[in-house]
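A closer look at the structure
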Amino acid sequence: MKQKRIAIKIGSNVLTRANGTLDVTRMSALVDQLAFLHKQGFQLVVISSGAVASGRSELNLNKKLDSVEQRQLFSAVGQAKLINRYYELFREHGISVGQVLTTKENFGTRRHYLNQRNCMRVMLENNVIPIVNENDTISVSELMFTDNDELSGMIASMMNVQKLIILSNIDGIYNGSPSDKDSKVIPTISKDDYIDTYIQASKSTFGRGGMLTKTTIARKIAEEGIEVIIANGTKEDILIKLCTQPHSTICTRFIPSNSNVSSVKKWIAHSEGFAKGAIYINENAEKALCGANAVSLLPIGVERIEGDFEKDDIVQIIGHEHTLLGVGKTQLDSEKARNLIGKKGQKPIIHYDYLYLE
Ligand code: GLU
């Protein structure tokens, strides 16, 4: 039987105490649960925050640093501390862990993407649990993941997991303000449920994320056929309960769609930020692409091309009213593509298999 693969994202607020120091007791409780699941045969990929927070509590700065310098310094110190703790805690269970540090850019080219995927596959095949975090020491603001929720979504999609569990310090998505005693956790959210009015825009204390990004990511990942759960990582045995008695445990579950999205499409879906150009298409092409049938983008449907790109680069597809329709991997470089604009009977510029529409 195929082993069940789960990605678990542990947020900074789960791992840090109110004063910003690493909560080792909590970490240890989570590691016990992860070890239990690992021994039950689940393949686990852990995405753990906490580097910046644990570095912050380690250092007393006597010089004022800007926010980028602070993040770089704290994460350099804190990540070492964090992974060391994981290593020690898992070792007590006889389980090996490995560190994977990544940046958003590593998801931008197919080659890096596949390298990362292979690395984690080899780890899993050898019973090593990957512990992933953003490499905050070298990622600069404009190219950073919005937060580790975004990173966990990209990892879940890349590793083709069945389930992504996002652990935070609240029970799930509420149908009102979480501080209001009448508010309740929404147990399931499916594609067409409108919930955005309830979502708090406020961010968590130590992490970069908030409920808004969690929900956006969760929806996108569920759309790719992966079940996403948002739950409270500070509750006793939460991971075990979510995996063994999922229906009686408080959490918010995003129902996965049945679609079987190919791995190339998943990569493209998360590569929007790396687009090297834009293809503006006409109304007919837009109707065809957004219709029920799967169609490729042909030169006849193109009105204009912006930017310089190579074959196999990611480009944006812009509709006739200038809205972003999606992204795709081009089969032609920008020069060749421009020469074919409006021409009939040509090969597609973007093949259906390499097209991802919003
Ligand atoms: N990578 C950051 C850290 O380890 C966390 C980012 C986030 O809060 O989502 O501290």
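See above for the structure.
Notes on the structure follow. Throughout this document, residue positions are counted from 1 along each chain, in the order its sequence is written. The predicted origin of the model limits local features to residues at a pLDDT of at least 70 and limits the giving and counting of side-chain atom pairs to 80 or more, whereas totals for whole chains, interfaces and linings rest on all residues. Remark: hydrogens and water are excluded; side-chain values derive from all non-hydrogen atoms of the structure.

What follows concerns the side chain of T330. With respect to the secondary-structure elements, T330 resides in the loop between β12 (324-329) and α11 (334-339). With relative accessibility at 0%, the residue T330 sits in the buried group. Distance and chemistry together define a polar contact, namely a pair of N or O atoms within 3.5 Å, with one atom able to donate a hydrogen and the other to accept it when in protein, and with adjacent residues in sequence counting only for side-chain atoms on both sides. Among the polar contacts listed, one links the side chain of T330 to the backbone oxygen of E310, at a separation of 3.4 Å. We call two residues in contact when some of their heavy atoms are within 4.5 Å. Once you skip the residues sitting within four places of it in the chain, T330 turns out to touch I279, F309, E310, K311, D312, D313, V315, I349 and I350. Only DSSP runs of H or I with at least four residues qualify as helices, and only runs of E with at least two residues qualify as strands; both kinds are numbered from the N terminus onward. Burial status follows relative accessibility: with a 1.4 Å probe on protein chains alone, a residue under 20% of its type maximum counts as buried, one over 50% as exposed, and anything between as partly exposed.

Moving on, we come to the nonpolar core. Buried Ala, Val, Leu, Ile, Met, Phe, Trp, Tyr and Cys residues form a nonpolar core when they are joined through side-chain atoms within 4.5 Å. Core analysis: the largest hydrophobic core is formed by 42 residues, its most contacted members being F107, M120, V132, I155, I173 and F254. The set of elements that each furnish at least two residues to this core consists of β2 (43-48), α5 (110-125), β4 (128-134), α6 (148-158), β5 (163-168), α7 (211-223), β7 (227-232) and α9 (263-269). Not counting the four nearest positions on each side in its chain, M120 is found in contact with V45, V100, P130, V132, I155, M158 and M159. One finds V31, F42, I165 and I238 within the second-largest nonpolar core, a separate group that totals 33 residues.

This next bit is on the pairing of strand β9 (residues 277-281). Among the 5 residues that make up β9, 5 are buried, leaving the element largely enclosed by the rest of the structure. Going residue by residue along β9, you find G277, I279 and I281 tucked away on one face and A278 and Y280 tucked away on the opposite face as well. Pairing between two strands is assigned when DSSP locates at least 2 bridges connecting them. Bridge count between β9 and strand β11 (residues 314-318): 4 bridges; the pairing is parallel. Within the sheet, the bridge partner assigned to A278 lies in β11 and is Q316. With 4 bridges connecting them, β9 and strand β10 (residues 302-306) associate as antiparallel partners. Residue I281 lies in a different strand from β10, and its bridge partner there is V302.

So, about the pattern of salt bridges. Any carboxyl oxygen of Asp or Glu within 4 Å of a side-chain nitrogen of Lys or Arg constitutes a salt bridge here. A full pass over the atoms with the stated rule returns 16 salt bridges. A salt bridge links D149 to K9, with the nearest nitrogen and oxygen atoms 2.8 Å apart. Of this pair, D149 sits in helix α6 while K9 sits in strand β1 (residues 5-10), and the two are 140 residues apart along the sequence. Residue D312 is joined to K329 by a salt bridge in which the shortest nitrogen-to-oxygen separation is 3.9 Å. With D312 in the loop between β10 and β11 and K329 in strand β12, this pair connects stretches of sequence that are 17 residues apart. The partly exposed category is assigned to D312, whose relative accessible area is 39%. Taken together, the shared-partner salt bridges connect K9, D149 and K214 into one network.

With that settled, consider the packing of α6 against α7. Each packed pair of helices is defined by two parameters, the angle between the axes and the distance between the axes. The convention used is that axes are lines fitted to C-alpha atoms, helices contributing only their stretch in contact, and that angles between N-to-C directions extend from 0 to 180 degrees. For the pair α6 and α7, the least separation of the axes is 9 Å and the interaxial angle reads 10°. When the interaxial angle is binned, α6 and α7 end up roughly parallel. Facing α6, whose interface residues are D149, E150, G153 and S157, α7 presents T213, K214, I217 and I221. Across the contact of α6 with α7, the residue classes break down as 2 nonpolar, 3 polar and 3 charged. Working rule for angles: under 35 degrees goes down as roughly parallel, over 145 as roughly antiparallel, 65 to 115 as roughly perpendicular, anything else as oblique. Lys, Arg, Asp and Glu make up the charged group, whereas Ala, Val, Leu, Ile, Met, Phe, Trp, Tyr, Cys and Pro make up the nonpolar group; the residues left over, Gly among them, are polar.

With that settled, the discussion passes to the pairing of β4. Summarising burial for β4: 7 of the 7 residues are buried, a large majority. Side chains V128, P130, V132 and E134 project from β4 onto one buried face, and the interleaved I129, I131 and N133 project onto a second face that is buried too. Two strands pair when backbone bridges link them, and β2 and β4 are joined in this way by 2 bridges, in the parallel orientation. Note that in β4 the partner of I47 across the bridge is V132. Relative to β4, strand β3 (residues 96-102) runs parallel, the two sharing 7 bridges. Within the sheet, the bridge partner assigned to T102 lies in β4 and is E134. Between β3 and its parallel partner β4, the chain crosses via α5, and the hand of that crossover is right-handed. Orienting the strands away from the viewer, one traces the path from the first strand over the helix to the second; a clockwise path indicates a right-handed crossover.

Next up on the list: α5. In this model α5 runs 22 Å from its N-terminal to its C-terminal C-alpha over 16 residues, within 8% of the 22 Å that 1.5 Å per residue would give. Along α5, the residues classified as buried are R110, Y113, Q116, R117, M120, M123 and L124. Projected down its long axis, α5 shows its buried positions confined to an angular sector of 155°, all on one face. Set apart from the buried face of α5 by more than 90 degrees, the exposed residues are R111 and E125. Where α5 is buried, its residues touch β1, β2, β3, β4, α6 and α9. Where α5 terminates, the next one or two residues include N127, which has phi positive at roughly 65°. Here the expected span of a helix is defined as 1.5 Å times the quantity of residues minus one. The arc in question is formed by the directions pointing from the helix axis toward the C-beta atoms.

Our next topic: unusual backbone geometry. One non-glycine residue with positive phi stands out, namely N160, at about 55°. Judged by its relative accessible area of 46%, N160 is partly exposed. One non-glycine residue, D237, lies in the positive phi region at around 50°. On the secondary structure map, D237 appears in the loop between β7 and α8 (238-244). When its relative accessible area of 34% is taken as the criterion, D237 is described as partly exposed.

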